[in-house]
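Residues per chain, in single letters:
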Amino acid sequence: MDTNDPIAAISTPVGTGGIGIVRLSGPRAVEIADALFVGSVRPVQALSRQLLYGKVIEDGEEIDEVLLSVMRAPHSYTTEDVVEINGHGGMVAVRRVLDAVCRKGARLAEPGEFTRRAFLGGRIDLAQAEAVTDVIRAQTERSLRSAYRSMRGELSEQITALRSRLLEEVARIELTLDFSDEEVPFVDPEELKDRIAAIREEIERLSATFQRGKIEREGIRAAIVGKPNVGKSSLMNALLAEERVIVTPVAGTTRDSVEERVDIEGLAVSLIDTAGIRETADIIESAGKQRTETEIEDADLILLVLDGSMKVDEEDRSVGRATERIKRIVVINKCDLPRVADRAVAEAIFPGAGAVEISAKERWGLAQLEALIADAALDGTGGSSEGIVVQRLRHKICLDRASAALRIARKSITEGLSYEYVALDLRESLDALGEIVGETTTEEILNHIFSEFCIGK
Ligand SMILES: Nc1nc2c(ncn2[C@@H]2O[C@H](COP(=O)(O)OP(=O)(O)O)[C@@H](O)[C@H]2O)c(=O)[nH]1
Ligand SMILES: [Mg+2]
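All values derive from a computational prediction rather than experimental measurement.

Moving on, we get to the sheet that holds strand β9 (residues 258–264). Across the sheet, six strands lie side by side as β9-β10-β8-β11-β12-β13; this open sheet has mixed pairing. Only two strands of the sheet have a single partner each, and these edge strands are β9 and β13 (354–357). Adjacent strand axes in the sheet meet at a mean angle of 25 degrees, parallel and antiparallel pairs treated alike. With four bridges joining them, strand β12 (residues 328–333) and β13 adopt parallel strand pairing. Bridged to Ile-332 within β13 is Glu-357. Most of the contacts of helix α8 (residues 232–240) go to strand β10 (residues 267–273), to which it runs at about 155 degrees, and overall it touches β8 (220–225), β9, β10, β11 (301–307) and β12.

See below:
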């Protein structure tokens, strides 16, 4: 792939829209635009980021009325000269501008090639380049926030800081190796071990945030479970803020599971309304019951619903036993009615589970329940909402390799091996971290990463 020729692509989504953008990058980008654009100011004379109004005209034929901007190197997305032509959306109009640009000497960009040039130009590192796709692909607010922070360089900063700490240790050790007979300060093995352990701990902490990243990206499955008639379907509707599921006073109305996705505090939560668990002779209801058992197995979180106007009975306890192994929240519903079961009772009967009092019918207590759901979803997943989150499996694998190399380094020191071996282990760890930001990444890996991008980015 030539990295120096002008490239062009349509940067807006395929389909009909108000505006379609053709983006050009490379040393001759402005020249190409100049050959096609007719307006009050010529692209070659434009100030960087100035918006020019005019027309794209090829061989006397007017192709589109456009707004054109020039971003001059190195202050552009790719660090090269970039031209963006904003024309009318719709596949034919944009396509014609792109064709004209290509006839003037640009070639079609490969997927991710603009971002690849930004990486090769040194404006962003590899982790930031990957985060660009993560920003574009984010399906939830939380994963967008995390991806955005990585794109801004927060993950890279942490990796770079860890690398420079490691590099310092390598330098110290190598110095003692090179000048072992001379007056070089001796590196105390116990102190070295402690410093390595501290670095390793941070790498592990970062790696552990991957689980949180996964949940932020993919969300969780929360099954609404309880005996018949406690208000499971009503709760589902309340959380969806619509009447999705049929609610009746007849027990056993919901005979099969219903699943819907909701956004709860920026997390994608798949809510599953299940058929009530109870002994039954009804064949359809009992098939629903089996399905319920599977839903419980597959759920990340259980919303165990109780009827607050009734005493907790054997049926509730049996639901409790069926859901014991999964993280759960006890939802005491119907709290608009005279209260019989309350939070204290629920917490005593179902220890370890958080409890909340709500009324699905009158729709109160829901905000508190949502906060509990979000907390429970992210509980024990490492990291925090303020900290940076590792979103990519590739990064986690590199972190784990870096950590494993440090574990071996410590072992070598303990076993009294020569510092030569220790230095090798530390270098292995450095390389693994370097792969995250693209310091030590092979061409093959780069090709793979950028091929996942969309065209025009
Ligand atoms: N008073 C009161 N009644 C409710 C509440 N939630 C549900 N119900 C009623 O309880 C009955 C059963 O509700 P439903 O959602 O179908 O329960 P499910 O069998 O657990 O799905 C219906 O008559 C609902 O109107 C609530 O918060 N307060
Ligand atoms: Mg129901």
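Quick look at helix α14 (residues 419–437) now. Between the first and last C-alpha of α14 there are 27 Å, a value that for 19 residues agrees with the 27 Å anticipated at 1.5 Å per step. The positive-phi residue at the C-terminal boundary of α14 is Gly-438, with phi of around 90 degrees.

Note: strand β4 (residues 51–58) against strand β5 (residues 61–71), eight bridges, orientation antiparallel. Counterpart to Gly-54 in the pairing with β5 is Val-66. Adjacent in sequence and paired antiparallel, β4 and β5 are bridged by two residues, among which Asp-59 carries a positive phi angle near 50 degrees. Relative to strand β6 (residues 82–88), β5 runs antiparallel, the two sharing five bridges.

Its location among the elements puts Gln-211 in helix α7 (residues 189–218). Here Gln-211 falls in the partly exposed class, since 17 other C-beta atoms lie within 10 Å of it. Sequence separation between Gln-211 and Leu-393 is 182 residues, and the spatial gap between their C-alpha atoms is 9.9 Å. Residues within four places of Gln-211 in sequence aside, it is in contact with Thr-381 and Gly-382.

Moving on, we come to the pairing of β4. Where strand β3 (residues 37–39) and β4 come together, three bridges link them in antiparallel fashion. Residue pairing in the sheet places Val-38 in a bridge with Lys-55 of β4.

Segmentation of the protein into domains returns domain 1 (7–118), domain 2 (131–214 + 392–438) and domain 3 (219–378). Look at where the C-alpha atoms of domain 1 and domain 2 centre, and you get two points 42 Å apart.

The seven strands are arranged β3-β4-β5-β6-β2-β1-β7 in an open sheet whose pairing can be described as mixed. A single partner strand is all that each edge strand has here, and the edge strands are β3 and β7 (107–108). By the bridge criterion, four bridges tie strand β1 (residues 7–10) to strand β2 (residues 19–25) in an arrangement that is antiparallel. Note that in β2 the partner of Ala-8 across the bridge is Leu-24. In the packing of helix α1 (residues 29–36) onto the sheet, contacts are made with β2, β3, β4, β5 and β6, and the angle to β6 comes to roughly 35 degrees. Contacts between helix α2 (residues 91–103) and the sheet are confined to β1, β2, β4, β5, β6 and β7, with β2 contributing the most and set at about 15 degrees to the helix.

Attention now moves to the packing of helix α3 (residues 113–120) against helix α4 (residues 126–137). Close contact between α3 and α4 brings their axes to 9 Å; oriented N to C, the two are set at 160 degrees. The orientation of α3 with respect to α4, classified from their angle, is roughly antiparallel. As α3 packs across α4, the resulting crossing turns out to be right-handed. Contacts between α3 and α4 involve Thr-115, Ala-118 and Phe-119 from the first element and Leu-126, Ala-129 and Val-132 from the second. Its residues assigned to classes, the contact of α3 with α4 shows five nonpolar, one polar and no charged.

What counts and what doesn't
- Residues numbered from 1 in each chain as written.
- Chains lettered and ligands numbered in written order.
- Predicted model: local features only at pLDDT ≥ 70, side-chain atom pairs only at ≥ 80, totals over all residues.
- Pairing = 2+ DSSP bridges.
- Helix = DSSP H or I, 4+ residues; strand = E, 2+ residues; numbered from the N terminus.
- Axes fitted to C-alpha atoms, helices over the stretch in contact; angles between N-to-C directions.
- Contact = placed C-beta atoms within 7 Å.
- Expected span 1.5 Å × (residues − 1).
- Buried ≥ 20, exposed ≤ 12 C-beta atoms within 10 Å, placed from the backbone.
- Domains from an automatic or database assignment.
- Parallel < 35°, antiparallel > 145°, perpendicular 65-115°, else oblique.
- Left-handed = near helix turned anticlockwise from the far one by under 90°.
- Nonpolar A, V, L, I, M, F, W, Y, C, P; charged D, E, K, R; others polar.

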